[in-house]
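Understanding the architecture of this molecule
Next come the chains, spelled out residue by residue.
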Amino acid sequence: GIQVEQSPPDLILQEGANSTLRCNFSDSVNNLQWFHQNPWGQLINLFYIPSGTKQNGRLSATTVATERYSLLYISSSQTTDSGVYFCAVESLGGATNKLIFGTGTLLAVQP
Amino acid sequence: EADIYQTPRYLVIGTGKKITLECSQTMGHDKMYWYQQDPGMELHLIHYSYGVNSTEKGDLSSESTVSRIRTEHFPLTLESARPSHTSQYLCASSERPWDTEAFFGQGTRLTVV
């Protein structure tokens, strides 16, 4: 099945710094999402981005489907950005499309 | 904003008890999922459904069972809980079986003692 890898696995930032999180996937996809898991465990939707670039405030994401990766940019980080960031993909084709999660990036933003 | 609800939010239960974790969505979404997440962070798909009367097993083997009798409801049942079932369980839904955004509930944190 499709493999989804995220890097870095852990990241510590000072408040105000910028960061880039990466998601690599091993096969063609027709769906890619970025989530933020808050301290209470809930997954918050950040972007639905199977291709192209989107921006939402201090966050933006780019997916280059032909090269099988996606990037999540966080600018001017705040302590509330701390938590785990996941990408999840749904592979193209087949009769059993499933949303498969990456390994996650644990982000800690220090004041 | 998505309307998908899980109950209970937290559950501590003794070994051998039967439990049902509830998941409901009010959006009329066809596809629903259950994921299991251990403290090591990774989310593993354990069950999914394309619609009423459809249920499929995910990538991670699970002793739990699911049913989809109504579009809006996708409960997960453990017939006899064990400490190894201690985990967080997350339910999700998406509008169509393919190519659409998935939304998650708040999760149920289960502890079996």
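Residues numbered from 1 in each chain as written. Chains lettered and ligands numbered in written order. Predicted model: local features only at pLDDT ≥ 70, side-chain atom pairs only at ≥ 80, totals over all residues. Heavy atoms only, no water.

Of regular secondary structure, chain B possesses zero helices and eleven strands. Along chain B, from the amino end to the carboxyl end, the secondary structure elements read β-β-β-β-β-β-β-β-β-β-β. Taken against the 2.2 N^0.38 rule, which gives 13 Å for 113 residues, the C-alpha radius of gyration of chain B at 13 Å falls within 12% of a compact globule. Put simply, chain B has 113 residues, and 49% of those count as buried. When contacts within chain B are restricted to residue pairs at least 6 apart in sequence, long-range pairs at least 24 apart make up 53% of them. Split by element, the accessible area of chain B, about 5300 Å² in all, is 50% carbon and sulfur. The positive charge centre, built from 10 side chains, and the negative charge centre, built from 14, are 8 Å apart in chain B. (Helix = DSSP H or I, 4+ residues; strand = E, 2+ residues; numbered from the N terminus. Rg over C-alpha atoms; globule rule 2.2 N^0.38 Å. Buried < 20%, exposed > 50% of the residue type's maximum accessible area, 1.4 Å probe, protein only. Contact = heavy atoms within 4.5 Å. Areas by Shrake-Rupley, 256 points an atom, 1.4 Å probe, with all protein chains shown as cover. Lys, Arg positive; Asp, Glu negative; His and termini not counted. Charge placed at Lys NZ, Arg CZ, Asp CG, Glu CD.)

Residues and elements named next belong to chain A. Ordered by their spatial adjacency, five strands build an open sheet running β1-β3-β8-β7-β6, and the pairing between neighbours is antiparallel. Lying at the two open borders of the sheet, with one neighbouring strand each, are β1 (4-7) and β6 (52-56). Between one strand axis and the next, the sheet turns by 15 degrees as a mean value, whatever way the strands run. Here β1 pairs with strand β3 (residues 19-25) via four bridges, running antiparallel. By the bridge assignment for β3, E5 is matched with N24. (Pairing = 2+ DSSP bridges. Axes fitted to C-alpha atoms, helices over the stretch in contact; angles between N-to-C directions.)

Quick look at the pairing of strand β5 (residues 43-48) of chain A now. All names here are of chain A. Strand direction decides the pairing type here: strand β4 (residues 29-37) and β5, joined by five bridges, are antiparallel. Considered in β5, the bridge of Q37 is made with L43. Hairpin remark: β4 followed by β5, antiparallel, with five residues in the connecting loop; positive phi at G41, about 95 degrees.

Taken residue by residue, the interface counts 24 residues in chain B and 25 residues in chain A. For the pair chain B and chain A, the summed buried area comes to about 2100 Å², and 49% of that belongs to carbon and sulfur atoms. The largest share of the area that chain B buries against chain A comes from M41, D99 and F104 of chain B, three residues that together contribute 25% of it. At the junction of chain B and chain A, the tally comes to one salt bridge. A salt bridge links D59 of chain B to K98 of chain A; the nearest nitrogen and oxygen atoms lie 2.7 Å apart. In this structure, the connection of chain B to chain A is made through nine residue pairs in polar contact (both at pLDDT 80 or more). (Buried area = accessible area lost by both parts, 1.4 Å probe. Salt bridge = Lys/Arg side-chain N within 4 Å of Asp/Glu carboxyl O. Polar contact = N/O pair within 3.5 Å; in protein donor to acceptor, adjacent residues only side chain to side chain.)

Now for the state of the cysteines. Taken as a whole and judged by the stated rule, the model has two disulfides over all chains. What pairs with C23 of chain A in a disulfide is C87 of chain A, and their sulfur atoms sit 2.0 Å apart. One quick way to see it: the torsion about the S-S bond of C23 of chain A and C87 of chain A is about 70 degrees, and its sign makes the bridge right-handed. Of this pair, C23 of chain A sits in strand β3 while C87 of chain A sits in strand β9 (residues 83-91), placing them 64 residues apart in sequence. Across the pair, exposure class does not vary: C23 of chain A and C87 of chain A are buried alike. Sulfur-sulfur distance for the disulfide between C23 of chain B and C91 of chain B comes to 1.9 Å. (Disulfide = S-S within 2.5 Å.)

Once that is clear, we can look at the nonpolar core. In terms of nonpolar packing, the biggest core is built from 23 residues, with W34 and L72 of chain A touching the most fellow members. Contributions of two or more residues to this core are made by β2 (10-14), β3, β4, β5, β7 (59-64), β8 (69-74), β9 and β11 (105-110) of chain A. F86 of chain A together with L43, L45 and F104 of chain B belong to the second largest nonpolar core, which has 18 residues in total. (Core = buried A, V, L, I, M, F, W, Y, C linked by side-chain atoms within 4.5 Å.)

Glancing now at the pattern of salt bridges. Close approach of charged atoms allows side chains of opposite charge to pair. All names here are of chain A. Taken as a whole and assessed by the stated rule, the structure comprises five salt bridges over all chains. Between R58 and D81 there is a salt bridge whose closest N-O contact spans 2.9 Å. Pair noted here: R58 is in the loop between β6 and β7 and D81 is in the loop between β8 and β9, with a separation of 23 residues, a long-range link. Judged by its relative accessible area of 26%, R58 falls in the partly exposed class. Taking relative accessible area as the criterion, D81 reaches 7% and is therefore assigned buried.

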